[in-house]
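Chain by chain, the residues:
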Amino acid sequence: TSSYYLLGLCALVLISPVLAYLLWWFLTPIRQSFSNPPAHSYRHSYRNTATNEDEDFPSVHHDHGADVVRLSLIVPAYNEEDRIEVMLNETLPYLEGKQKADKEFTYEIIVVDDGSRDKTTEIAQNYARKRGSDVFRVMTLKKNQGKGGAVQQGMLHARGKYLLMVDADGATEIKDLDRLLKQMSVIEDSKTGYGIVVGSRAHLQEKAVAKRKWYRSILMHGFHWLVYTLAVKSIKDTQCGFKLFTRKSAQILFSNLNLRRWCFDVELLYMAESLNMPLKEVAVNWQEIPGSKLRVLEAALLMGRDLVIIRACHTFGVWRITKPGKREETKKQR
């Protein structure tokens with residue numbers, strides 16, 4: 001009996017550090033949500049090309065009057081010097097064409113450099129100098145926050161009536177924005193101002209599965225099942241980086257976003273469903289662009305963990321959805 005006791009004790013001693021590490025790893029998103037500076041505490045500046053001086057980005061919560069634009073494009077970018085120029089060279093002519101066709105259409109592009117170590121900011125600043133800071137602004141985060149954090153900061157400092165999240169690689173055709181805007185005009189709630197239209201690649205899934213390695217297909221189906229079971233019921237493709245928000249929706253959702261890295265867009269859509277915001281999925285043209293930094297197995301583990309965290313934290317009140325009106329932007333970015 002004593003020998004079994006000693007063996008059990010030794011096994012416990014050996015396995016305890018492993019269990020402690022696994023618990024520490026699993027709770028990382030919760031720890032970070034409380035240890036990170038509040039999203040509203042950051043202040044960012046951009047270079048005003050008319051005066052050649054730095055000015056603070058405005059807040060999405062403030063009424064900008066005549067300075068409001070119809071559309072803000074938020075482009076999160078991390079070490080994207082090799083891909084962002086192609087995307088911008090396709091996007092800018094499209095937006096200029098829309099503006100020529102409709103004089104009331106105004107826009108801004110905000111490139112959010114998420115602590116890149118390459119020339120992403122330098123390249124983006126070249127576009128700002130050519131186009132002017134009224135339509136093109138660059139926000140450079142001194143510390144990498146993750147894609148969710150970069151999108152969050154761009155959204156919280158945009159001037160648009162509608163705000164589009166779009167990836168820096170240009171994987172989704174920018175012309176598909178017309179589809180999203182058309183659908184938004186149908187679903188936007190005139191009383192609350194809420195509305196979200198999500199670009200979807202679900203219609204391309206069968207073709208993609210045929211080309212994808214077997215283990216990636218298994219992970220994809222497993223992830224979709226977890227998303228539906230734990231979080232989002234009404235959207236099939238939660239991961240497409242092409243999402244359109246009304247200003248009111250962005251104010252609420254990005255003020256309450258807790259995840260700044262993996263599964264941040266699932267949390268956004270989960271909160272939107274919880275608040276009964278109008279949600280619609282629209283098929284878009286998408287192609288895989290070389291240069292992705294995603295490591296499949298690592299991503300699968302982290303995203304699976306975050307899905308469980310989203311459901312648990314919102315269900316048990318660890319994370320609460322609050323209106324952002326009382327928050328103040330007081331802390332300088334460090």
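Residues numbered from 1 in each chain as written. Predicted model: local features only at pLDDT ≥ 70, side-chain atom pairs only at ≥ 80, totals over all residues. Heavy atoms only, no water.

J.: Honestly, the overall build of the protein chain in this entry has me stumped. Any pointers?
T.: Along the backbone of the protein chain there are 11 helices and nine strands. Long-range contacts, defined as pairs at least 24 residues apart, comprise 81% of the intrachain contacts of the protein chain with a sequence gap of at least 6. Accessible surface, the protein chain: about 17,800 Å² in total, of which carbon and sulfur atoms supply 55%. (Helix = DSSP H or I, 4+ residues; strand = E, 2+ residues; numbered from the N terminus. Contact = heavy atoms within 4.5 Å. Areas by Shrake-Rupley, 256 points an atom, 1.4 Å probe, with all protein chains shown as cover.)

J.: Please clarify how the sheet that holds strand 3 (residues 69–77) should be interpreted in this entry.
T.: What holds strands together in a sheet is hydrogen bonding between their backbones, with the strands either parallel or antiparallel. The mixed open sheet is built from seven strands, whose spatial order is 5-4-3-6-8-7-9. Unpaired on one side and paired on the other, strand 5 (136–141) and strand 9 (279–283) mark the two borders of the sheet. The mean inter-strand angle of the sheet, taken between neighbouring strand axes irrespective of direction, is 20 degrees. In this structure, strand 3 lies alongside strand 6 (residues 160–166), joined through five bridges in parallel fashion. Counterpart to Ser72 in the pairing with strand 6 is Leu163. Against the sheet, helix 9 (residues 247–256) makes contact with strand 6, strand 7 (196–200) and strand 8 (242–246), and its axis sits at roughly 105 degrees relative to strand 8, the strand it touches most. (Pairing = 2+ DSSP bridges. Axes fitted to C-alpha atoms, helices over the stretch in contact; angles between N-to-C directions.)

J.: In this structure, what is going on with the pairing of strand 3? I would like to understand it.
T.: Put simply, side chains in a regular strand alternate between the two faces of the sheet. Counted residue by residue, strand 3 has eight buried out of nine residues, so it is predominantly covered. Looking at chain direction, strand 3 and strand 4 (residues 107–114) are connected through seven bridges and run parallel. Bridging across to strand 4, Val75 finds its partner in Val111. With helix 3 (residues 84–101) bridging strand 3 and the parallel strand 4, this β-α-β connection has right-handed handedness. (Buried < 20%, exposed > 50% of the residue type's maximum accessible area, 1.4 Å probe, protein only. Right-handed = clockwise from strand over helix to strand, strands pointing away.)

J.: Which parts of the structure should I look at to understand the packing of aromatic side chains?
T.: The description of an aromatic ring pair rests on the distance of the ring centres and on the angle between the ring planes. Taken as a whole and judged by the stated rule, the model has five aromatic pairs. Considering the side-chain rings of Tyr127 and Phe136, the 5.9 Å spacing of their centres and the 20 degrees angle between planes classify their relative orientation as stacked. The exposure classification of Tyr127 matches that of Phe136, with both residues buried. Its end group placed over the ring of Phe105, Lys98 keeps NZ or CZ at 5.3 Å from the ring centre. (Phe/Tyr/Trp six-rings, centres within 6.5 Å; stacked < 30°, edge-to-face > 60°. Lys NZ or Arg CZ within 6 Å of the ring centre and 35° of its normal.)

J.: Just to check I follow, could you spell out the environment of Pro278 for this structure?
T.: Secondary-structure assignment places Pro278 in the loop between helix 10 (264–274) and strand 9. Pro278 sits 90 residues away from Glu188 along the chain, and the two C-alpha atoms are 6.7 Å apart. Apart from residues no more than four positions distant in its own chain, Pro278 is found in contact with Ile187, Asp189, Tyr194, Gly195 and Ile196.

J.: Help me understand the pattern of salt bridges in this model?
T.: One side chain can pair with another of opposite charge once the charged atoms of both are near each other. Enumeration according to the criterion identifies 14 salt bridges in this entry. In this structure, Arg43 and Asp56 form a salt bridge, with 2.3 Å as the shortest nitrogen-oxygen distance. With Arg43 in the loop between helix 2 (28–35) and strand 1 (45–48) and Asp56 in strand 2 (residues 53–56), this residue pair connects regions lying 13 residues apart in the sequence. The class for Asp56 is partly exposed, based on a relative accessible area of 35%. Look at the salt bridges and you will find they share partners, linking Glu80, Arg83 and Asp169 into a network. (Salt bridge = Lys/Arg side-chain N within 4 Å of Asp/Glu carboxyl O.)

J.: Hey, could you run me through a nonpolar patch on the surface in this one?
T.: A contiguous nonpolar patch, built from Tyr5, Leu6, Leu9, Leu12, Val13, Ile15, Val18, Leu19, Tyr21, Leu22 and Trp24 and spanning about 1,100 Å² of accessible area, is present on the exposed surface. Counting through the fold element by element, Tyr21 comes out in helix 1 (residues 2–26). (Patch = residues over 30% accessible without salt bridge, like charges linked within 9 Å, V, L, I, M, F, W, Y side chains within 5 Å.)

J.: Explain the environment of Thr238 here, please?
T.: Within the secondary structure layout, Thr238 lies in the loop between helix 8 (214–230) and strand 8. Look at Thr238 and you get buried, because its relative accessible area is 2%. Between the alpha carbons of Thr238 and Asp265 there is a distance of 6.6 Å; along the sequence they are 27 residues apart. Excluding its chain neighbours within four sequence positions, the residues that come into contact with Thr238 are Phe223, Val227, Val232, Lys243, Asp265, Val266 and Leu269. Here the side chain of Thr238 touches Gln239 through a polar contact of 3.0 Å, side chain to side chain. (Polar contact = N/O pair within 3.5 Å; in protein donor to acceptor, adjacent residues only side chain to side chain.)

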